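Breakdown of the fold
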Amino acid sequence: AFIPAIVLVAATLVFGRFFCGWACPLGVTFDATDKWLGPRKRDDSVERLKWKPVKYAVLVVALVAAYFEANVAGWLDPLSFATKLYSLALLPAAEFASRLALLGLKPLPVLGNVADTVYSMLKTSVYSPEQPRYSGMLAVFLIYLAVALLVFLNRRFWCRFLCPAGATLALLSRFSIIRRRVDFEKCVRCKKCERDCRMGAITGGGLEGYRGECVE
């Protein structure tokens, strides 16, 4: 059961905090909603430094709660939360919306036949026998929406300041073999990398950065 975690730890010690930038399903979901909700022109180098330690405090709380057998990590771990978000909220909502749309098209002359065919196919291969409803599905969605709206403070706010898994990987990636390096002679100090970095990890006009925050 620990093999996936051991592999991730080993990979992080080599490649740095790559998981948060390239593999985390919750991170890519925030990327999508950040792009949709967030300001179109922004400077992501504006960093709330006083908030950086918060994710380490959240990590400690999750570990202490786990010691006392309280499932706090089930709500704070990005993989667990992404699973809840998609399975309890988004997929049932998508099934409900698609059913409603296809049934609404059925009375139409031409589109009705197509909608009926698609609906029959989905009903036998994709849809649940009954529309899925889960206790807590609205709560899961509202929690995600509340965190997603923090994009108006910083892009990927969860990943930067709250995620306990991100905090763990940030600590490990401080010792990674592969890391961001800048050629001082070729850098033109345009600060584009500093403005665009999703994690606010680049400083000093592009020449410096926060070890452990870079997601490569």
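The preceding data block contains the structure.
So, a few notes on the structure that sits alongside this text.

**Some words on the nonpolar core**
Residues Leu26, Phe30, Tyr144, Trp158, Cys197 and Met199 are the most contacted members of the largest nonpolar core, which totals 21 residues. At the level of elements, α2 (18–22), α3 (25–37), α6 (78–105), α8 (137–148) and α9 (157–161) are the ones that each hand at least two residues to this core. Residue contributions to this core peak at 4 residues, all from α8. Aside from chain neighbours lying at most four places away, what touches Leu26 is Pro78, Phe81, Ala82, Tyr144 and Trp158. The next biggest cluster of nonpolar side chains, apart from the first, holds 5 residues, and it includes Leu102, Tyr119, Leu122 and Tyr127.

**Some points on a positive patch on the surface**
On the surface, Arg174, Arg179, Arg181 and Arg211 cluster together into a positively charged patch. Tracing the backbone shows Arg181 in the loop between α10 (164–173) and α11 (192–196).

**Structural notes on the packing of helix α4 (residues 54–67) against α10**
Interhelical geometry of α4 versus α10 gives an angle of 110° and a closest axis separation of 8 Å. What the angle tells us is that α4 and α10 run roughly perpendicular. Packed against α4, whose contacting residues are Lys55, Tyr56, Val58 and Leu59, the element α10 presents Pro164, Ala167, Thr168, Ala170 and Leu171 at the interface. Classifying every residue of the contact of α4 with α10 gives 7 nonpolar, 1 polar and 1 charged.

**Remarks on the pattern of salt bridges**
Throughout the structure, instances matching the rule amount to 8 salt bridges. Close ionic contact of Arg156 with Asp31 constitutes a salt bridge, the shortest N to O distance being 3.0 Å. Within this pair, whereas Arg156 is found in the loop between α8 and α9, its partner Asp31 is found in helix α3, the two being separated by 125 residues in sequence. You'll find Arg156 and Asp31 in the same group, each marked buried. Glu95 is paired through a salt bridge with Arg99; the nearest N and O atoms lie 3.0 Å apart. Placement of both Glu95 and Arg99 in helix α6 is noted, with a separation of 4 residues, approximately one turn of the helix. Residues participating in the shared-partner salt-bridge network are Arg17, Lys52, Lys55 and Glu213.

Here is what the cut-offs are and how they apply
- For every chain, the first residue of the written sequence is number 1, and numbering continues from 1 onward in sequence order.
- With pLDDT at 70 or above as the cut-off, local features in this predicted model cover only qualifying residues; side-chain atom pairs require 80 or more to be listed or tallied, and sums for whole chains, interfaces and linings still use all residues.
- Excluding hydrogens and water, the side-chain values take into account all heavy atoms of the structure.
- Residues grouped as a nonpolar core are buried Ala, Val, Leu, Ile, Met, Phe, Trp, Tyr and Cys residues, joined through side-chain atoms within 4.5 Å.
- Residue burial is assigned from relative accessible area. The probe radius is 1.4 Å, only protein chains are included, and a residue is buried under 20% of its type maximum, exposed over 50%, and partly exposed in between.
- Strands here are runs of E lasting at least two residues and helices are runs of H or I lasting at least four, both read from the DSSP assignment and numbered beginning at the N terminus.
- Note on definitions: a residue-residue contact is assigned when non-hydrogen atoms from the two residues lie within 4.5 Å.
- Like charges within 9 Å and nonpolar side chains (Val, Leu, Ile, Met, Phe, Trp, Tyr) within 5 Å are joined into patches, using only residues over 30% in relative accessible area that form no salt bridge.
- To be clear on the numbers: accessible area is Shrake-Rupley with a 1.4 Å probe, and residue cover counts the displayed protein chains and nothing else.
- A carboxyl oxygen of Asp or Glu within 4 Å of a side-chain nitrogen of Lys or Arg is what we treat as a salt bridge.
- His is not counted here, nor are the chain ends, while Lys and Arg score as positive and Asp and Glu score as negative.
- Think of each charge as sitting on NZ of Lys, CZ of Arg, CG of Asp or CD of Glu.
- Every angle, taken between N-to-C directions, lies between 0 and 180 degrees, and every axis is a line fitted to C-alpha atoms, over only the stretch in contact when it is a helix.
- Oblique is the label for every angle not falling under 35 degrees (roughly parallel), over 145 degrees (roughly antiparallel), or within 65 to 115 degrees (roughly perpendicular).
- Classes in brief: Ala, Val, Leu, Ile, Met, Phe, Trp, Tyr, Cys and Pro nonpolar; Asp, Glu, Lys and Arg charged; the others, Gly included, polar.

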